[in-house]
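Tertiary structure, described
Each chain is listed here by its residues.
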Amino acid sequence: MKMNQKTSLLTEPIPYKILFPWLHLFRVFRLAIDFQKILLAIAGLLMLSLGNYLFNKLPFAPEAPPTTRIASIQHTIQFPPPSASSVPHSLSVEGLTGLAATQPGELLSPVTLLEPMSFFTRPVQTLFETGASWSALAYATTQLLWAVIIWAIFGGAITRIAAIQFAQDDHIGCRAALGFSLKRILSLVSAPLLPFAGMGFFWVLCLLIGLFGNIPGAGGVIVSLLWGLAFLFAFVMTLILLVTLAGWPLMMTTVSVEDSDGFDGLSRIFSYLFGRIWYFLWLAVVTLCYGALCLFFAAVLLQLMSYLAYWGVSWGMGSAQAQNLFQQDQPTLATTISLGWCSILNLLFSGFVISFFWSASTVIYFLLRKCDDGTPLDHVYVADEEQEEANELPLAGVAKSGEPIIERPVGADDASTDEETQTEEDS
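Residues numbered from 1 in each chain as written. Predicted model: local features only at pLDDT ≥ 70, side-chain atom pairs only at ≥ 80, totals over all residues. Heavy atoms only, no water.

**Here we look at the overall build of the protein chain**
Summing up its helical and strand segments, the protein chain has 18 helices and 0 strands in all. For the protein chain, the residues scored as buried account for 39% of the 427 residues in total. A separation of at least 24 residues holds for 76% of the contacts in the protein chain among residues at least 6 apart in sequence. Of the roughly 24900 Å² of accessible surface on the protein chain, 65% is carried by carbon and sulfur atoms. (Helix = DSSP H or I, 4+ residues; strand = E, 2+ residues; numbered from the N terminus. Buried < 20%, exposed > 50% of the residue type's maximum accessible area, 1.4 Å probe, protein only. Contact = heavy atoms within 4.5 Å. Areas by Shrake-Rupley, 256 points an atom, 1.4 Å probe, with all protein chains shown as cover.)

Set out below in structure tokens:
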């Protein structure tokens, strides 16, 4: 007699993240909304703004220096809302951007997410301008060094927190993260600056070719014949420059994850980008698309919060009186404070952009490392603090230094026990 048997079905979930590791990029939003990372990002923006303000006082600063706003990211959130009488208008894309000339798709542009790199790329662009004055080069170099130092401290701290959260699902505080980045400040700063030293070598070779042009008569012919060498040197400089610009955030992440030096961070990123260039481009495209949606969601949330706050207060205070608090043509203490809250909203949005940028760089580094050498995603350097504390404690049974050793007096019971032990040993 045959019995009906049902075929058993496999109910185990499909390991999508093992088959497609790049799906881990969708964890970046959860990593980026950490308040401690946003706070570190805001602190970095404030320090950059302070530095640029002081640099504009230097003798070689340009007469019309660029803006010294706290963040170069556009002020997206408006408070009060652009239209206090229309909710749909204040929540439109034009209202979200806060600029009348903004195109509808500007907030979703990947350029917004890459805006944090402008602190690094804008001075570099000035350094490579043809015919730039020495004062302009000095000003750009000062800005570049300041940006590298600030993001080495605060960006290194953000990537350290993100690395611990991503790899071990654990959390460390701002103080521990800043302590980590400050102890490794030389490594974090030297990693992006070392490539410029290599470019300087090939720049000197091109400069020597140009010096031949000063020879009367034959100078132009000699330089023309040597253009091939100039192209070769320029090709090497191009590769170094592109990898440096693309890999600068990953160099910071390397030091935070591996606790390595600047040269190791530089060599790893050059190896990963040259060996896994197409995978890196895929990760970058996914991150930019996903990041644009996350930024749009954050802007909608903050702009809606701005509108509801103004809407609720205006019912009690009156629309006309509430609007008078933001009249910039009549500056008062109330106007200054009210506009300050608008700056706080935009700082929160800018801090989220910075936090997302460094958190995404951390996840991309983990994925590139796994693809290149197979290192597990949960591998991250963690200081054995418990072991260090244990080493500082005195050994068991040994008195601390400077304290007398107190011996317990021998009693009658102890003496009898010693005599029995001695008798057994003699027998």
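Next comes the rest of the write-up.
**Quick notes on the confidence of the model for the protein chain**
Overall, the prediction assigns the protein chain a mean pLDDT of 78, with 76% of residues at 70 or greater. Averaged pLDDT values over the elements of the protein chain bottom out at 41 in helix H5 (residues 93–97) and peak at 93 in helix H2 (residues 28–32). Between residues 68–73, whose pLDDT stays under 50, and residues either more than four places distant or in other chains, the model counts 19 contacts. The model gives residues 385–403 a pLDDT under 50, and that stretch makes 3 contacts with residues more than four places away or in other chains. (pLDDT = per-residue confidence, 0-100.)

**Side note on helix H8 (residues 134–168)**
With 35 residues, H8 should cover 51 Å at 1.5 Å per step; its first-to-last C-alpha distance of 49 Å lies within 8% of that length. Bending of H8 peaks at approximately 30° at the position of Ala 152. Looking at the residues trailing H8, positive phi occurs at Asp 169, about 55°. (Expected span 1.5 Å × (residues − 1). Bend = angle between axes of the 7 residues up to and from the residue.)

**What about the packing of helix H10 (residues 185–211) against helix H12 (residues 227–258)?**
Remark: H10 packs on H12, axes separated minimally by 9 Å, with the N-to-C direction vectors making an angle of 175°. In terms of orientation, H10 lies roughly antiparallel with respect to H12. Contact residues: H10 offers Ser 187, Leu 188, Ala 191, Pro 192, Pro 195, Phe 196, Met 199, Phe 202, Trp 203, Leu 205, Cys 206 and Ile 209, while H12 offers Leu 229, Ala 230, Phe 233, Val 236, Met 237, Ile 240, Leu 241, Thr 244, Trp 248, Met 251, Met 252 and Val 255. (Axes fitted to C-alpha atoms, helices over the stretch in contact; angles between N-to-C directions. Parallel < 35°, antiparallel > 145°, perpendicular 65-115°, else oblique.)

**Points about the packing of aromatic side chains**
Summed over all chains, the structure comprises 21 aromatic pairs. Ring geometry for Phe 26 against Tyr 290: centres 4.9 Å apart, planes inclined by 75°, an arrangement best described as edge-to-face. Of this pair, Phe 26 sits in the loop between helix H1 (16–19) and H2 while Tyr 290 sits in helix H14 (residues 277–317), and the two are 264 residues apart along the sequence. Over the ring of Phe 180 we find Arg 160; its NZ or CZ atom is 4.2 Å from the centre of that ring. (Phe/Tyr/Trp six-rings, centres within 6.5 Å; stacked < 30°, edge-to-face > 60°. Lys NZ or Arg CZ within 6 Å of the ring centre and 35° of its normal.)

**Quick notes on H10**
In an α-helix, one full turn covers 3.6 residues, which means residues spaced three or four apart are oriented alike. Here H10 spans 39 Å end to end across 27 residues, near enough to the 39 Å set by a 1.5 Å rise per residue. Along H10, the sharpest change in direction is near 40° and occurs at Ala 191; proline Pro 192 comes one to four residues later. Within the sequence span of H10, burial applies to Ser 187, Leu 188, Val 189, Ala 191, Pro 192, Pro 195, Phe 196, Met 199, Phe 202 and Ile 209. Here the buried face of H10 lies against helix H7 (118–127), H8, helix H9 (174–183), helix H11 (219–225), H12 and helix H13 (262–275).

**What to know about the UniProt feature "transmembrane region" (unreviewed entry) in the protein chain**
This chain's UniProt record puts "transmembrane region" (unreviewed entry) on residues 38–55, 144–164, 185–213, 225–248, 277–310 and 347–368. Annotation note: span residues 38–55, helix share 100%, strand share 0%, distance between end C-alpha atoms 26 Å. A distance of 49 Å separates the end C-alpha atoms of residues 277–310, which is 100% helix and 0% strand. (UniProt positions renumbered as here; feature names shortened; annotations may be inferred.)

**Focus: the nonpolar core**
Grouped together as the largest cluster of nonpolar side chains are 91 residues, with contacts concentrated most on Trp 151, Phe 356 and Leu 368. At 17 residues, the largest contribution of residues to this core is made by helix H16 (residues 333–373). Setting aside anything within four residues of it in sequence, one finds Leu 368 in contact with Leu 250, Tyr 272, Leu 273, Arg 276, Tyr 279, Phe 280 and Leu 283. (Core = buried A, V, L, I, M, F, W, Y, C linked by side-chain atoms within 4.5 Å.)

**Let's talk about the environment of Phe 202**
Mapped onto the fold, Phe 202 is located in helix H10. On a C-alpha basis, the gap between Phe 202 and Ala 230 in space is 9.0 Å, while along the polypeptide they are 28 residues apart. Among all residues touching Phe 202, those that are not within four sequence positions of it are Phe 233, Val 236 and Met 237.

**What about unusual backbone geometry?**
Positive phi, close to 55°, is recorded for Asp 169, a residue that is not glycine. Along the polypeptide, Asp 169 turns up in the loop between H8 and H9. Notably, Asp 259 is not glycine yet its phi reads approximately 55°, a positive angle. Of note, Asp 259 is situated in the loop between H12 and H13.

**Examining the packing of H13 against H16**
Interhelical geometry of H13 versus H16 gives an angle of 70° and a closest axis separation of 10 Å. By the angle between their axes, H13 is roughly perpendicular relative to H16. The segment H13 lies against H16, with Arg 268, Ile 269, Ser 271, Tyr 272 and Leu 273 engaging Tyr 365, Leu 368, Arg 369, Asp 372 and Asp 373. Across the contact of H13 with H16, the residue classes tally to 5 nonpolar, 1 polar and 4 charged. (Nonpolar A, V, L, I, M, F, W, Y, C, P; charged D, E, K, R; others polar.)

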